[in-house]
Amino acid sequence: MISIDTIQSTAETLMDHAAIDIPQDYLDGLRAAAKVEDGDLSSFVLHAMLENYEAAKQDRRAMCGDTGCPRWYVKMANEAQIEGGPVALEEALRRATADATHNIPLRPNRVHPLWRTDHDNNVGINAPEIEFGFEPEGDWIDLTTVHKGGLFGTDYRMLFPSDGIQGIKRFFLDSLVAFGKRGLACQPAIIGIGLGGSKDTCMVLGKRAACLRVVGDRNPDPKIAALEEEFKELGNSIGMGAMGFVGKSMVIDCHIEVGYCHTGGMQMSVHAFCLSSRRACARIHGDGRVVFRTDPNWFTPYQRRETVAWQAPTDQAASA
Amino acid sequence: MASTDGPSRIRLSTNPTPEALAALKLGDVVYLDGVLYTGREGVYMRAIEERVPLPLDLPRESAANFHCSPAATQRDDGSFNMGAVTATASFRFSKWINDWFEISGARIIIGKGGMSPEDYKTKFVPHGAIYLTTVGYGTGALLGRGIKQVKGLYWREELGLAQAMWVIEAENMGPFLVASDMYGNCLFERENAKVAAGLAEVYKGTKPAVLKRFGETDDRTDELI
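A quick note: this is a predicted structure, and the numbers were derived from the prediction, not measured.

## So, the overall build of chain A
- Within chain A, the secondary structure is distributed over seven helices and nine strands.
- Each of the three principal axes of chain A carries a C-alpha extent, and together these read 55 × 50 × 45 Å.
- The buried share of chain A, taken over its 320 residues, is 54%.
- If you take every contact in chain A between residues at least 6 apart in sequence, the share linking residues at least 24 apart comes to 78%.

Now the structure itself:
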């Protein structure tokens, strides 16, 4: 049985890590981009960002004043038992979000869309989002918080099979060019692309592709992996860098996730996980041990399964 | 290749002389000293549309308006805890900015991503104002370091923490980049034009989507197929 106190204290620590400590994979990706960036202004911006990550760590203050929208991803292994059940779990995550907003502090961004009611704690109707996933083996739960920034940089479009790869490419470029100007997407970013599913699934997949996969990770389908590489290069060849200045760093990495869709359609969504790619993760084991990490490892073989019944692959562990 | 110690750093007062503003060029790196205040849609609507008198004496106290909501909180004892500071996108405030210049006498607008070239020419230049953009845009921790103290918080109850008017004393706060100068030149327009030159080549081989969307045609009577 995993105690609810452990869940809440772990969640508060995760809020702190996400807001302050840039994940190593993104940092390495940005450093690599800064090395090859030769646009004067773009290069200045990238170096300022690297300095900013250091300042955040040294001062233990949030790396970005815009907290974005803190959200939670909860992965439960099949045998996991939570004290108080899922309702207690959701309350603990909502409380951790509110407490961390006050204590770190974070910007209280969440308001009612019409009445602009502000509880000053990033909690409200349907906020923070708490999404669940499951894994076949184990008694642990994984908590991941993502502080997703950006009112800009995301788009959705219903494409069709006849649009093909060239149509996908064009919408990818459209999204980057549209939101890259003036740097509204806060690039260079991890670009997540959702393909297929239904409209909502497509958005969820694209957002998760951006936020829950680390820089350098590749889709297990070799042809999709090749597309990820190609789109990364394509995005960086637009001629645009940080803040929309002349440069070559738009995309730190590109991740694509797919879902089976209606036979007549080919839904596509594009998401940008910004210069402050804030995510932090921890596994709470059944015996109470807590192990922190920055790779959510969300997209396991189980999450991408195609068949009716789950069959563990023989060449690797079934669960993450 | 430029780096943070590459371009020259200019220290600028938040109550600048016209000469100091006139000396700034597009892309200059600026650090601010003095008092500045946050103000965005909440403040603009209250001051301009609801005509509520300003809670402080502007521009005497400050001529620098920051489009920002800080990551900050007020402790139980009334003191402030301000962590990171990051701008919010300024183009959304276009409809209020001219009236705001009239009311506030602001001469430095600080924000994210600048405003339109037309806004600079028709609203900024007549008021002798320039635009500074934050960098990145996520240098919240660096900007947070430039805050010497929070001098006041106004309209907190009416507007909430994020939209309230925070009055901040800054010391060597930056970096910012000059995105519009005293003559209304626009840094982002200049960069957009350079990027535009290569776009046709990047799009080569792609084709328009089978199903179009409004916006891809300006005629709302058009079919989208």
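## Brief notes about the interface of chain A and chain B
- Contact with chain A, which involves 59 residues of that partner, is made by 52 residues of chain B.
- Considering every element that reaches the side of chain A that touches chain B, the biggest residue donor is helix 3 (residues 40-59) of chain A, with 13 residues.

## Let's talk about the domain arrangement of chain A
Residue and element names in this part refer to chain A.
- Looking at chain A, the domain boundaries give domain 1 (4-17 + 63-149 + 279-293) and domain 2 (150-275).
- The straight-line distance from the C-alpha centre of domain 1 to that of domain 2 is 26 Å.
- Ranked by the residues each element gives to the side of domain 1 that touches domain 2, the list is headed by strand 3 (residues 141-148), at three residues.
- Here the residues of the side of domain 1 that touches domain 2 are counted per class, giving two nonpolar, three polar and two charged.

## Section: unusual backbone geometry
- A:Pro128 follows A:Ala127 through a cis peptide bond whose omega is -5 degrees.
- With respect to the helices and strands, A:Pro128 occurs in the loop between helix 4 (85-103) and strand 2 (130-135).
- The omega angle of the peptide bond from B:Leu58 to B:Pro59 is 0 degrees, so this bond is cis rather than trans.
- Among the structural elements, B:Pro59 can be located in the loop between helix 2 (41-49) and strand 3 (64-66).
- Its identity as a non-glycine residue notwithstanding, A:Asp120 has a phi of 60 degrees, on the positive side.
- Even without a glycine there, the phi angle at A:Met243 is positive, about 60 degrees.
- You can call A:Met243 buried: it has 34 C-beta atoms within 10 Å.

## Focus: the environment of B:Leu12
Residue and element names in this part refer to chain B.
- You can see Leu12 is positioned in strand 1 (residues 9-13).
- Taking C-alpha positions, Leu12 is 8.6 Å from Asn172, a pair spaced 160 residues apart along the chain.
- Not counting chain neighbours up to four residues away, the residues in contact with Leu12 comprise Ala20, Val30 and Leu32.

## Here's the deal with the sheet that holds strand 2 of chain A
Residues and elements named next belong to chain A.
- Across the sheet, five strands lie side by side as 2-1-3-8-9; this open sheet has mixed pairing. Each edge of the open sheet carries a strand with a single partner, namely strand 2 and strand 9 (290-293). The sheet shows a mean angle of 20 degrees between the axes of neighbouring strands, taken without regard to direction.
- Where strand 1 (residues 69-77) lies against strand 3, eight bridges are found, and the strand directions are antiparallel. The residue bridging Arg71 from the neighbouring strand is Val146, located in strand 3.

## Remarks on the packing of helix 1 (residues 4-20) of chain A against helix 4 of chain A
All names here are of chain A.
- Running from amino to carboxyl end, helix 1 crosses helix 4 at an angle of 35 degrees, the nearest separation of the two axes being 9 Å. Here the hand of the crossing between helix 1 and helix 4 comes out right-handed. Counting all contacts with helix 1, which are made through Ile4, Ile7, Gln8, Ala11, Glu12, Met15 and Asp16, the residues of helix 4 involved are Ala88, Leu89, Ala92, Leu93, Arg95, Ala96, Thr97, Asp99 and Ala100.

## Notes on helix 3 of chain A
- Over its 20 residues, helix 3 of chain A runs 28 Å from end to end, which matches the ideal 28 Å to within 8%, given 1.5 Å per residue.
- Among the residues of helix 3 of chain A, those classed as buried are A:Leu41, A:Ser42, A:Ser43, A:Phe44, A:Val45, A:Leu46, A:His47, A:Ala48, A:Met49, A:Asn52, A:Tyr53 and A:Ala56.
- Looking at the buried side of helix 3 of chain A, the elements it contacts are helix 1 and helix 2 (24-36) of chain A together with helix 5 (140-145) and strand 9 (165-180) of chain B.
- Immediately beyond the C-terminal end of helix 3 of chain A, within one or two residues, lies A:Arg60, with a positive phi of roughly 50 degrees.

## A few points about the nonpolar core
- Core analysis: the biggest nonpolar cluster contains 149 residues, and A:Val45, A:Ala62, A:Met63, A:Ala189 and B:Leu132 have the highest contact counts within it.
- The dominant element in this core, judged by the number of residues it contributes, is strand 9 of chain B, at nine residues.
- For this core, the two domains that each supply at least three residues are domain 1 (4-17 + 63-149 + 279-293) and domain 2 (150-275) of chain A.
- Excluding anything up to four places from it in sequence, A:Val45 contacts A:Ala242, A:Met243, A:Phe245, B:Val135 and B:Gly136.

## With respect to the sheet that holds strand 5 (residues 189-196) of chain A
Residue and element names in this part refer to chain A.
- Spatially, 4-7-5-6 is the arrangement adopted by the four strands of the open sheet, whose pairing is mixed. What marks the edges here is a single partner per strand, and that holds for strand 4 (155-159) and strand 6 (251-259). With direction set aside, neighbouring strand axes in the sheet form an average angle of 15 degrees.
- Of the strand pairs in this sheet, strand 5 and strand 7 (residues 266-273) are connected by six bridges, and their pairing is antiparallel.

## Comments concerning the confidence of the model for chain B
- Looking at chain B as a whole, its pLDDT mean stands at 92, while 96% of the residues score no less than 70.
- Overall fold confidence (pTM) sits at 0.93, and the ipTM for the predicted complex is 0.90.

## As for helix 2 of chain B
All names here are of chain B.
- Along helix 2, the positions that sit buried rather than exposed are Gly42, Val43, Tyr44 and Ala47.
- Turning to helix 2, the residues buried within the fold contact helix 3 (94-104), helix 6 (156-163) and strand 9.
- Arg51 sits one or two residues past helix 2 and shows a positive phi near 55 degrees.

Scoring rules and cut-offs
Residues numbered from 1 in each chain as written. Chains lettered and ligands numbered in written order. Predicted model: local features only at pLDDT ≥ 70, side-chain atom pairs only at ≥ 80, totals over all residues. Helix = DSSP H or I, 4+ residues; strand = E, 2+ residues; numbered from the N terminus. Buried ≥ 20, exposed ≤ 12 C-beta atoms within 10 Å, placed from the backbone. Contact = placed C-beta atoms within 7 Å. Domains from an automatic or database assignment. Nonpolar A, V, L, I, M, F, W, Y, C, P; charged D, E, K, R; others polar. Pairing = 2+ DSSP bridges. Axes fitted to C-alpha atoms, helices over the stretch in contact; angles between N-to-C directions. Left-handed = near helix turned anticlockwise from the far one by under 90°. Expected span 1.5 Å × (residues − 1). Core = buried A, V, L, I, M, F, W, Y, C linked by C-beta atoms within 7 Å. pLDDT = per-residue confidence, 0-100.

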